[in-house]
Amino acid sequence: APGGEAASKLDGRPAPGEIGFVFQEPTLLPWADVQGNIETPLRLLKRPIGPEREGVKSLIGQVGLTGFERALPRMLSGGMKMRVSLARALSTQPSVLLLDEPFGALDEITRQGLNDALLALKATNPVTILFVTHSVFESVYLADRVLVFSPRPGRIVRELSISAPADRAGFRFTAKFAEQARSVSAALADATEGK
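Since this is a predicted model, take the numbers as computed values, not measurements.

Trainee: Outline the pattern of salt bridges, listing residues and values.
Mentor: Oppositely charged side chains are able to pair whenever their charged atoms sit close together. All told, the structure shown has eight salt bridges when counted by the stated rule. When the shortest N-O distance is used, the salt bridge between Glu 52 and Arg 47 registers 3.8 Å. By relative accessible area, which is 26% here, Arg 47 ends up partly exposed. Here Arg 111 ties to Glu 138 by a salt bridge, and the two come within 2.8 Å at their closest N and O atoms. Note that Arg 111 is positioned in helix 5 (residues 108-124) and Glu 138 in helix 6 (residues 136-142), a separation of 27 residues in sequence. Taking relative accessible area as the criterion, Arg 111 reaches 14% and is therefore assigned buried.

Now the structure itself:
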């Protein structure tokens, strides 16, 4: 019986490394430096690190951590730790990236910076992103589509398309952003009231 990637292709399961995941907490290895944390998924997949090193260096640069490659997690701010977590999730070049409220515990300025970093990463890494958030504003800023869930049991009750420019710099301050945020807020209110 085939195993590993071949089996995944036959039974419809994603191949190892095809899905990246960013948790609510950065979940970094405390004994590993920034580079080591980002390389961890590659090591777990038994990929040779040498050929992957340039990709790791590129990710470190893309998330704004050049110069911090040898820093341990205890030396990093919350936002920097989340940047490491993002880079780690992308290190295997996944086709799907799942993010579970990754910026919820961060201050607003750091959160907005990470929103911009995520958009920049998406522009340079061909990946489909599923981002879970309770922030209406974050959903409108990041998404092409917003799915609104009902409370228990959680089901998709509305889908809203977001109309935004490819370059979203300044988008938060436009009337179009405010209008779409109102639409998402209304859909969310309807969902929680069971409408």
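Trainee: Hey, could you go over helix 5 for me, with residue numbers and the actual values?
Mentor: Taking 1.5 Å as the rise per residue, helix 5 with 17 residues should run 24 Å; its terminal C-alpha atoms sit 25 Å apart, in good agreement. Among the residues of helix 5, Arg 111, Leu 114, Asn 115, Ala 117, Leu 118 and Leu 121 are the ones counted as buried. The arc that holds every buried residue of helix 5, seen down its axis, measures 165°, which confines them to one face. For helix 5, exposure combined with an orientation more than 90 degrees from the buried face picks out Ile 109, Ala 123 and Thr 124. Taken together, the buried residues of helix 5 touch helix 3 (49-62), helix 4 (78-90), strand 2 (96-100), strand 3 (128-132) and helix 6.

Trainee: Just give me the short version of the packing of helix 4 against helix 5, but keep the residues and values in it.
Mentor: Packing of helix 4 against helix 5 leaves a shortest axis separation of 11 Å and a crossing angle of 20°. Put simply, helix 4 runs roughly parallel to helix 5. Between helix 4 and helix 5 lies a crossing whose hand is right-handed. Together, Gly 79, Met 82, Arg 83, Leu 86 and Leu 90 of helix 4 and Thr 110, Gly 113, Leu 114, Ala 117, Leu 118 and Leu 121 of helix 5 make up the contact between the two elements. Of the residues in the contact of helix 4 with helix 5, the class split is seven nonpolar, three polar and one charged.

Trainee: Requested: an account of the environment of Leu 90, with residues and values cited.
Mentor: Residue position: Leu 90 is located in helix 4. Between the C-alpha atoms of Leu 90 and Lys 122, which are 32 residues apart in sequence, the distance is 10.0 Å. When residues no more than four places from it in sequence are discounted, the contact partners of Leu 90 are Leu 59, Leu 97, Leu 121, Asn 125 and Val 127.

Trainee: Describe the sheet that holds strand 1 (residues 19-22), naming the residues involved and giving the relevant values.
Mentor: Pairing within the open sheet is parallel, and its three strands lie in the order 1-2-3. With partners counted over all chains shown, the strands left at the sheet margins are strand 1 and strand 3, one partner each. With strand direction ignored, the average angle separating the axes of adjacent strands in the sheet is 15°. Here four bridges tie strand 1 to strand 2, and the two strands are oriented parallel to one another. Paired with Gly 20 across the two strands is Leu 97, which belongs to strand 2. Where helix 4 meets the sheet, its contacts fall on strand 1 and strand 2, and the angle it forms with strand 1 comes to roughly 170°.

About the thresholds
Residues numbered from 1 in each chain as written. Predicted model: local features only at pLDDT ≥ 70, side-chain atom pairs only at ≥ 80, totals over all residues. Heavy atoms only, no water. Salt bridge = Lys/Arg side-chain N within 4 Å of Asp/Glu carboxyl O. Buried < 20%, exposed > 50% of the residue type's maximum accessible area, 1.4 Å probe, protein only. Helix = DSSP H or I, 4+ residues; strand = E, 2+ residues; numbered from the N terminus. Expected span 1.5 Å × (residues − 1). Arc of directions from axis to C-beta. Contact = heavy atoms within 4.5 Å. Axes fitted to C-alpha atoms, helices over the stretch in contact; angles between N-to-C directions. Parallel < 35°, antiparallel > 145°, perpendicular 65-115°, else oblique. Left-handed = near helix turned anticlockwise from the far one by under 90°. Nonpolar A, V, L, I, M, F, W, Y, C, P; charged D, E, K, R; others polar. Pairing = 2+ DSSP bridges.

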